[in-house]
Amino acid sequence: LLSQADHDAKQAAAEALAATVAADSAAVQRAKLDLEYATIRSPIAGRAGEVKVHVGDYVKAATSEPLVTVNRVQPIDVRFTLPEADVESVRRHRSTATRVLARLAAGDSTELEGRLVFVDNAVDPATGAFALKGRFDNSGDRLWPGAFVEVRLELERQKGVVVIPSVAVSAGQKGTYVYVLDADSTASPRPVKVARSDDDFAVIAEGLQPGEVVITDGQFRLAPGSKVVVRSPAGPGGAGGGGKGEGGEKRGNKK
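Being a predicted model, the structure only gives us computed values, none of them experimental.

How each quantity is defined
- Residues numbered from 1 in each chain as written.
- Predicted model: local features only at pLDDT ≥ 70, side-chain atom pairs only at ≥ 80, totals over all residues.
- Heavy atoms only, no water.
- Helix = DSSP H or I, 4+ residues; strand = E, 2+ residues; numbered from the N terminus.
- Buried < 20%, exposed > 50% of the residue type's maximum accessible area, 1.4 Å probe, protein only.
- Contact = heavy atoms within 4.5 Å.
- Areas by Shrake-Rupley, 256 points an atom, 1.4 Å probe, with all protein chains shown as cover.
- Core = buried A, V, L, I, M, F, W, Y, C linked by side-chain atoms within 4.5 Å.
- Phe/Tyr/Trp six-rings, centres within 6.5 Å; stacked < 30°, edge-to-face > 60°.
- Lys NZ or Arg CZ within 6 Å of the ring centre and 35° of its normal.
- Pairing = 2+ DSSP bridges.
- Axes fitted to C-alpha atoms, helices over the stretch in contact; angles between N-to-C directions.
- Polar contact = N/O pair within 3.5 Å; in protein donor to acceptor, adjacent residues only side chain to side chain.
- pLDDT = per-residue confidence, 0-100.

**Student:** Even after reading the chapter, I still don't get the overall build of the protein, so can you show me in this structure?
**Tutor:** Within the protein, the secondary structure is distributed over two helices and 17 strands. Expressed as a percentage of its 255 residues, the buried residues of the protein come to 25%. At a minimum sequence separation of 6, the contacts of the protein that also span at least 24 residues come to 58%. When the accessible area of the protein is evaluated, it comes to approximately 17,400 Å², of which 53% is carbon and sulfur surface.

Here it is, written out as structure tokens:
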């Protein structure tokens, strides 16, 4: 048997003790949070740069000033742009295996291979270009954040095509043409159809056969039947080498 007064007193004491437990639990959680705030952890793995604060510096709780910058280097993303004329080609040939090749410097024969991971959804109206990103494993830390590299995007591979130096292709009133070196060492114009070209090479869809030699220098000084004398036995253009004479220089095409 218990009086109503004793029951109410014990009930109030139990509720007070439960409130004390809840308050103590909140204090423990707050202490854990304060301890977490006392330690700074990077959200990513990478390399830390210059530390911006030192012992004795005042650090505010809400500020945009970084304490240190951490850059992820493995893997690393390379950002590059292409003109809007290439949008359709990238969309048509893009896949999960689309390769991105990077060179550290001009003339470097070593290329690092990555894959295309991002294509922007719009063309920048200010530049007329759209952004892309290639991701590289960078196991040897050869790529460095902020550095400039030469990038090639490989959308497809073609075999059995005729390729000539881009400088050999000229534009006339009737379309594109090249000067071909005939067997009697004379130059004759030949209309050609260019499938695509870049700064170095042009892929010829129609008009040339493998092994034919084209003129790469001085085309505007040539006329049909002009004599061309070979100057050197070999050149970077392919079979046939490079040469120069009354009309200019020639290089062989390759397939």
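More follows now that the structure is in view.
**Student:** In this structure, what is going on with the nonpolar core? I would like to understand it.
**Tutor:** Soluble globular proteins tend to pack their nonpolar side chains together in the buried interior. Core analysis: the biggest nonpolar cluster contains 14 residues, and Leu 132 and Phe 136 have the highest contact counts within it. For this core, the elements supplying multiple residues, two or more each, are β3 (76-83), β4 (99-103), β5 (112-119) and β6 (129-136). Tallying contributions element by element places β3 first for this core, with four residues. Leave out the neighbours within four places in its chain, and Phe 136 touches Pro 75, Ile 76, Val 78, Val 100, Ala 102, Leu 112, Glu 113, Gly 114 and Leu 143. Counting residues in hydrophobic clusters, the runner-up holds 10 residues, among them Ile 164, Val 178, Val 192 and Ala 202.

**Student:** Explain the packing of aromatic side chains here, please?
**Tutor:** Here a ring pair, both rings aromatic, is described through the centre-centre distance and the interplanar angle of the planes. Under the definition given, this model contains one aromatic pair. For the pair Tyr 177 and Tyr 179, a centre-to-centre distance of 5.9 Å together with 80° between the ring planes defines the contact as edge-to-face. Comparing Tyr 177 with Tyr 179 shows no difference in burial state: the two are buried. Just above the ring of Phe 118 sits the side chain of Lys 133; from NZ or CZ to the centre is 5.6 Å.

**Student:** Can you help me understand the sheet that holds β3 in this one?
**Tutor:** The strands making up a sheet associate through hydrogen bonds between their backbones, and the pairing can be parallel or antiparallel. If you trace the five strands from one edge of the open sheet to the other, you get β3-β6-β5-β4-β7, paired in antiparallel fashion. Edge strands, defined here as strands with exactly one partner in the open sheet, are β3 and β7 (150-154). Ignoring which end each strand starts from, the neighbouring axes of this sheet average 40° apart.

**Student:** How should I be thinking about the side chain of Thr 98 in this particular structure?
**Tutor:** Looking at the secondary structure, you find Thr 98 in the loop between α2 (87-93) and β4. Among the polar contacts listed, one links the side chain of Thr 98 to the backbone nitrogen of Ser 95, at a separation of 2.8 Å. Beyond its immediate stretch of four places on either side in the chain, Thr 98 contacts His 93, Gly 114, Arg 115, Leu 116, Leu 153, Glu 154 and Leu 155.

**Student:** Help me out: how do you make sense of the confidence of the model for the protein in this one?
**Tutor:** Low-pLDDT portions of the prediction should not be read for the details of their coordinates. In the predicted model, the protein carries a mean pLDDT of 84, and 90% of its residues have values of at least 70. In this model, residues 235-255 is a region of pLDDT below 50 whose contacts with residues beyond four sequence positions or in other chains number 83 contacts.

**Student:** Would you take a moment to explain the environment of Phe 118 for this structure?
**Tutor:** One can find Phe 118 in strand β5. On the accessibility criterion, Phe 118 (33% relative accessible area) is partly exposed.

**Student:** Just checking my understanding: could you explain unusual backbone geometry for this structure?
**Tutor:** Glycine aside, residues mostly have negative phi angles, and peptide bonds mostly take the trans form. Here the amide bond leading from Gln 74 into Pro 75 is cis, since omega sits at -5°, within 30 degrees of zero. Tracing the backbone shows Pro 75 in the loop between β2 (70-71) and β3.

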